[in-house]
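The chain contents come next:
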Amino acid sequence: MMDWNDFIRDHVHPMAPYVPGMREEQVRDIAGTEDLVKVSSNESPYPPFDSAIQAGERALREVNRYPDGGCVDLKAALSAHLDVAADNLVIGNGSNELLILLAYATLGPGDEIIYGWPSFIVYPLMAQLTGATAVEVPLDKSAQFDLDAILEAITPSTKMIVLCNPNNPTGTWYSKEAFSSFMESVPDDVLVVADEAYFEFVTDFDYPDSLRWFDGVRPLCVLRTFSKVYGMAGVRCGYAIMPQALVEALDKVRAPFNVNSVAQQMAIASLGDGTQLRKRIQGNAEQRQRLQQAFDKLDIVYYPSQTNFVWILADNAPDLFDALLKKGVIVRGFGQVPALRVGVGSEEETTRIIEACTQLRDEGTIKH
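Enquirer: Sorry, what's going on with the sheet that holds strand 13 (residues 339–343) here?
Expert: Within a sheet, adjacent strands bond to each other through the backbone by hydrogen bonds, running parallel or antiparallel. The 4 strands are arranged 9-10-13-12 in an open sheet whose pairing can be described as antiparallel. For this open sheet the edge positions go to strand 9 (301–303) and strand 12 (332–333), each flanked by a neighbour on one side alone. When strand 12 meets strand 13, the two strands line up antiparallel, connected through 2 bridges. Residue pairing across strands places Gly333 opposite Leu340, the latter belonging to strand 13. Relative to the sheet, helix 12 (residues 317–326) contacts strand 10 (309–313), strand 12 and strand 13, its axis offset from that of strand 13 by approximately 35°.

Enquirer: Help me out: how do you make sense of the packing of aromatic side chains in this one?
Expert: For any pair of aromatic rings, the description rests on two quantities: the centre-to-centre distance and the angle between the ring planes. For the coordinates displayed, the defined rule picks out 14 aromatic pairs. Considering the side-chain rings of Phe120 and Tyr123, the 5.7 Å spacing of their centres and the 85° angle between planes classify their relative orientation as edge-to-face. Ring pairing ties together the aromatic residues Phe49, Phe226, Tyr230 and Tyr239, which thus form one cluster. Directly above the aromatic system of Phe199 lies the positively charged group of Arg224, at a separation of 3.8 Å from the ring centroid. Over the ring of Phe309 we find Arg341, and its NZ or CZ is 5.8 Å from the ring centre.

Enquirer: Looking at this structure, I do not really get the environment of Arg224. What am I missing?
Expert: Along the chain, Arg224 falls in strand 7 (residues 220–225). Residue classification places Arg224 among the buried positions, given a relative accessible area of 2%. When the C-alpha positions of Arg224 and Ala52 are compared, they lie 18 Å apart, and in sequence the two are 172 residues distant. Not counting residues up to four positions away in its chain, the partners in contact with Arg224 are Leu82, Ser95, Glu196, Phe199, Asp209, Leu211, Gly238 and Tyr239. Within the structure, Arg224 has its side chain in polar contact with the side chain of Asp209 (distance 2.6 Å).

Cut-offs and rules
Residues numbered from 1 in each chain as written. Predicted model: local features only at pLDDT ≥ 70, side-chain atom pairs only at ≥ 80, totals over all residues. Heavy atoms only, no water. Pairing = 2+ DSSP bridges. Helix = DSSP H or I, 4+ residues; strand = E, 2+ residues; numbered from the N terminus. Contact = heavy atoms within 4.5 Å. Axes fitted to C-alpha atoms, helices over the stretch in contact; angles between N-to-C directions. Phe/Tyr/Trp six-rings, centres within 6.5 Å; stacked < 30°, edge-to-face > 60°. Lys NZ or Arg CZ within 6 Å of the ring centre and 35° of its normal. Buried < 20%, exposed > 50% of the residue type's maximum accessible area, 1.4 Å probe, protein only. Polar contact = N/O pair within 3.5 Å; in protein donor to acceptor, adjacent residues only side chain to side chain.

In structure tokens, the structure reads:
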């Protein structure tokens, strides 16, 4: 009889599977209503752009054929859009696949990967999958990545540093000056991975677009995605800009046809719709401001955000999570962590969130 404990690799046993946010159908019985607000997964409240939907519908008619395994057309579109060489681009099944591919291509036992914490759950997974050593550096008192502390954590075994800016789940960000100083100080044999999944939502002029530091030579990789502002989370498409030698390494470890043809065509169409993009960014900023102003009035402690979510602090976070569920509002809880992540939704969804929080304040669940 098979002994699965011996059969499965040792480093897999302590790993925990990713637990997604609650789906609407899971909440209906709890809330006792069909009228739900799901703001738990950092999704866009809006569908893809009309141009992207039309492109996707056309692509659906040809899904009997394999997709373009090299994403040649999408790379060409991104190359023109970003002003980078197509040879410096890798396309992935969401940017999280690209993180895993980076780990497979570069990390192994004895290597160290440094990242701030709390942050995106895939970063520790990169170490667990490859036998590398994870070095977690606590966020600073403003819940930002502490770039000075990360520099101090570098050792001769450090191979990769992952920076999430703005950070998930806190929504915080570091400045151009801080990033510029960091890039001047980091050793030239350490790969810096700048995860910018939420960069389109940023309205602060002091935000560092890390692509400006990319020259194709220094070990810098910039990650971005179509899942967020472009509303394409369900079809999975992300991209990375990195030195060509690293592109070649990822091409060796990625699966053939890893990005489906519908996603590729929708992404190309999305890049050509700047008007809709600007409307989405403006709309998110307006609803984010409404949400934060309401939290101020309700004495809810939060960190100012530059993303499409807000990180609120609450000693009774599990109770508050359950109370919001009963009012039909699905946010993201993190077990016993005294905080909740509240997504920025549409105007109507923001109103519902504010109403629910106001009721809970009046009922005593949210305390001053």
